[in-house]
Amino acid sequence: MFDIGSRLREARLRQELDFPELEARTTIRPKYLRALEDERFDILPAPTYIKGFLRSYAEALGLDGQPFVDEYNSRFTIGDEYAVVRTRRVPVQRRERSTRESRMAVLALLAIAVLTALVIAAWRFGGPEHEKVPRLAAQDPGVATVQGGQAAGRVNLVVHAVSGDSWMEVRSGSVSGQLLYSGTLERGQRKPFQGRRLQLALAEPDNVRLRVNGNRMELPAGTAFVVTARRIVTASSS
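Undergrad: Just to check I follow, could you spell out helix H2 (residues 19-26) for this structure?
TA: Residues lying three or four places apart along an α-helix face the same way, a consequence of the helix completing one turn every 3.6 residues. All of the buried residues in H2 are Phe19, Leu22 and Thr26. When H2 is viewed along its axis, its buried side chains cluster within an angular range of 60 degrees and face the same direction. What points out from H2, more than 90 degrees from its buried face, is the exposed set Pro20 and Ala24. Contacts made by the buried residues of H2 are with helix H1 (4-14), helix H3 (30-38), helix H4 (47-60) and strand E4 (179-185). Measuring from the side-chain oxygen of the N-cap residue of H2 to the backbone nitrogen of Glu21 gives 3.1 Å; that N-cap residue is Asp18.

Undergrad: Help me understand the environment of Gly177 in this model?
TA: Mapped onto the elements of the fold, Gly177 is located in the loop between strand E3 (166-172) and E4. Put simply, Gly177 and Leu198 are 21 residues apart on the chain and 9.0 Å apart in space, counted from C-alpha to C-alpha. If we skip the residues at most four places from it in the chain, Gly177 touches Arg171 and Ser172.

Undergrad: Looking at this model, I keep getting lost on H1. Mind explaining?
TA: Turning to H1, its buried residues number three or more, namely Ile4, Gly5, Leu8, Ala11 and Arg12. All buried residues of H1 fall inside an arc of 135 degrees around its axis, so they share one side. Exposed and facing more than 90 degrees away from the buried side of H1 are Leu13 and Arg14. Looking at where H1 begins, the residue whose side-chain oxygen comes 3.2 Å from the main-chain nitrogen of Gly5 is Asp3. The first or second residue beyond H1 is Glu16, which carries a positive phi of 55 degrees.

Undergrad: For this particular structure, what's the right way to read the pattern of salt bridges?
TA: Counted under the stated rule, the structure contains 9 salt bridges. Among the salt bridges present, the one from Arg12 reaches Glu37, with a minimum N-O distance of 2.6 Å. Residue Arg12 is located in helix H1, and its partner Glu37 is located in helix H3; the two are separated by 25 residues in the primary sequence. On the basis of relative accessibility, which here comes to 5%, the residue Glu37 falls in the buried class. Salt-bridge contacts for Glu218 lead to Arg216; the nearest nitrogen and oxygen are separated by 3.5 Å. In the salt-bridge network here, residues are joined through shared partners; they are Arg9, Arg12, Glu37 and Asp38.

The rules behind these values
Residues numbered from 1 in each chain as written. Predicted model: local features only at pLDDT ≥ 70, side-chain atom pairs only at ≥ 80, totals over all residues. Heavy atoms only, no water. Buried < 20%, exposed > 50% of the residue type's maximum accessible area, 1.4 Å probe, protein only. Helix = DSSP H or I, 4+ residues; strand = E, 2+ residues; numbered from the N terminus. Arc of directions from axis to C-beta. Contact = heavy atoms within 4.5 Å. Polar contact = N/O pair within 3.5 Å; in protein donor to acceptor, adjacent residues only side chain to side chain. Salt bridge = Lys/Arg side-chain N within 4 Å of Asp/Glu carboxyl O.

Structure follows, in structure tokens:
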């Protein structure tokens, strides 16, 4: 076990580097670099980006980034996941509220079923024989399907920052696969990537637009995604 922040700060001071120079090397904003040295992980984005920041910052200082990521995982990741689970527990004594919420959920499911039946009926009896109902199958908010994609084909991904800057990391295969890009994609910039399966992490997903094999794609909810020729899913769904 070692102190993540102290080691980063000591390496920076030993090399007499300032934050503007390190920002140019890593494309990570100085406020995030300071937060890493102070171990103020609560003001940083999600754990996926914290790990990317740690690796990039350590390597910019001439250090091996993996021990910093491993130390962060051992000290913070499990505790964060446990906290999330605890905050979602429903108190046992609030049975009446739980029953009411359950009834509302059942009514909502019934309404969805009726709406789906109406759409299917309109499709079968009110239009051309082969007309398709758009997005009828796209019910999972964690999955975006690539229209016309090939299940086993290659991915041609283009990420375009249209609304603002966003830190981005792209890896081939899995989260531990080959690093293809790590840095801040500035507004107006676009980056192309290719592979059979890509891991994509975005600090500001609302600021970017994606095209997969030439098709414009909407990102599902989340900040870390798996991109294949057929679909885009959140990392937790893959």
